[in-house]
Amino acid sequence: MISFTELLTASDDELVRIFYKTNTGEEKDFIKRINIVATQLGLNHTQLVCALGFNKYIRELTDIQQQLGFRSFKLLTYRQNELFTTDTYTQLPIDNILNIYSERLEDQEVLNTLRELLRPRLEHIEAQIEKTDDPGHIISYKMEIHSIYTAGIADKTFADERLKKDIGKYRLMANEANVIIEAGYHPPSNLFFMDSLSPEEKRNLIEGGHINKDMIKNRLQNAKISEEEREILEEHI
C-alpha cells in the first residue's frame, strides 16, 4: 500500500520499486489494468493516474506506462487530464488536489499542464456546485481557489479572466477578490471600480477595510451602476 502523496512525489528509483511489486496478469484492457494496479496499491483509478501523471519522473519510465496499458506518456497525459478536469472531489479529495498544487514548482512542464487545466476544471466544479449546492464541495472549492493563488499556479492573466467572467457568485463564495489582492495582482481600488464585480463582492471589499469613503463617493458618481450596488455603497457613507 502507498499513499497518493508518496506516489506523486516518488523518485524514479522509488517508482520502479513500487511498480515492480504489482502485476496485471494477462489483462489487455487499459482501464482494467489501471484498476488492478490501483487496488494493489490501495488507491482508486483516478488517484493512480493523476499521482503518476503529475510525477515528473514518469515521462521516461516507459515500462511503467506500458504496464498500465499506455503506449506512450502522451496517452497517459490524456487520461490524467480527462480525470483531473472532470472530478469534483469524489475520486480526488481536496487533500490530493492541494498536494498536486504544492508540488507544481518542481517541474515547469507540470506547472504548464496545471495552468492549462485550471479553467476547464473550475468550470466543471462550478457547474456541479450549481446543480447540487453540496456543502462539502463548496468548502473544498474555497480551499482549492485559495491554493491556486497562494501556490503561484494562477498568474495575473488567469486572475483577470476570472474577474471579467460572470461568476460573481463563485468569486464571492471563495472570497476570491480578497485572495487576488493578497496575491498582489491588483490593488483593492482597481477591483472596487470594476463593473464586473458584483455588489456583494464590493461590500466585502469595503467591510474588509480595503475601501475608504472617498472611493465610495467617487464610485457613486457613476450613473451606470446598478441600484443594488448603489444601495450597498450608500450604506457605507
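This text follows the structure it describes.
Before going into details, it helps to say that this report is about the structure given with it. (Residues numbered from 1 in each chain as written. Predicted model: local features only at pLDDT ≥ 70, side-chain atom pairs only at ≥ 80, totals over all residues. Heavy atoms only, no water.)

## Looking at the overall build of the chain
In terms of regular secondary structure, the chain is built from 16 helices and zero strands. When its C-alpha atoms are laid out on the principal axes, the chain stretches across 75 × 35 × 25 Å. Looking at the chain as a whole, 50% of its 237 residues qualify as buried. When the accessible surface of the chain is split by element, carbon and sulfur atoms take 48% of a total near 11900 Å². One way to put it: in the chain the 29 positive side-chain charges average out to a point 3 Å from where the 40 negative ones average out. (Helix = DSSP H or I, 4+ residues; strand = E, 2+ residues; numbered from the N terminus. Buried < 20%, exposed > 50% of the residue type's maximum accessible area, 1.4 Å probe, protein only. Areas by Shrake-Rupley, 256 points an atom, 1.4 Å probe, with all protein chains shown as cover. Lys, Arg positive; Asp, Glu negative; His and termini not counted. Charge placed at Lys NZ, Arg CZ, Asp CG, Glu CD.)

## Some thoughts on the pattern of salt bridges
Applying the stated criterion across every chain, the model contains 16 salt bridges. In this structure, Glu130 engages Lys169 in a salt bridge whose closest nitrogen and oxygen atoms are separated by 2.9 Å. With Glu130 in helix 8 (residues 108-132) and Lys169 in helix 11 (residues 168-173), this pair connects stretches of sequence that are 39 residues apart. The exposure class of Lys169 is partly exposed, given its relative accessible area of 43%. Between Glu235 and Arg203 there is a salt bridge, with the nearest N and O atoms lying 3.1 Å from each other. One end of the pair, Glu235, is in helix 16 (residues 227-235); the other, Arg203, is in helix 14 (residues 199-207), with 32 residues separating them in the sequence. Assessed through its relative accessible area of 52%, Glu235 is described here as exposed. Residue Arg203 is classed as buried on the basis of its relative accessible area, which comes to 18%. Each of Asp195, Lys202, Arg219 and Glu229 takes part in salt bridges that share partners, so that together they form one network. (Salt bridge = Lys/Arg side-chain N within 4 Å of Asp/Glu carboxyl O.)

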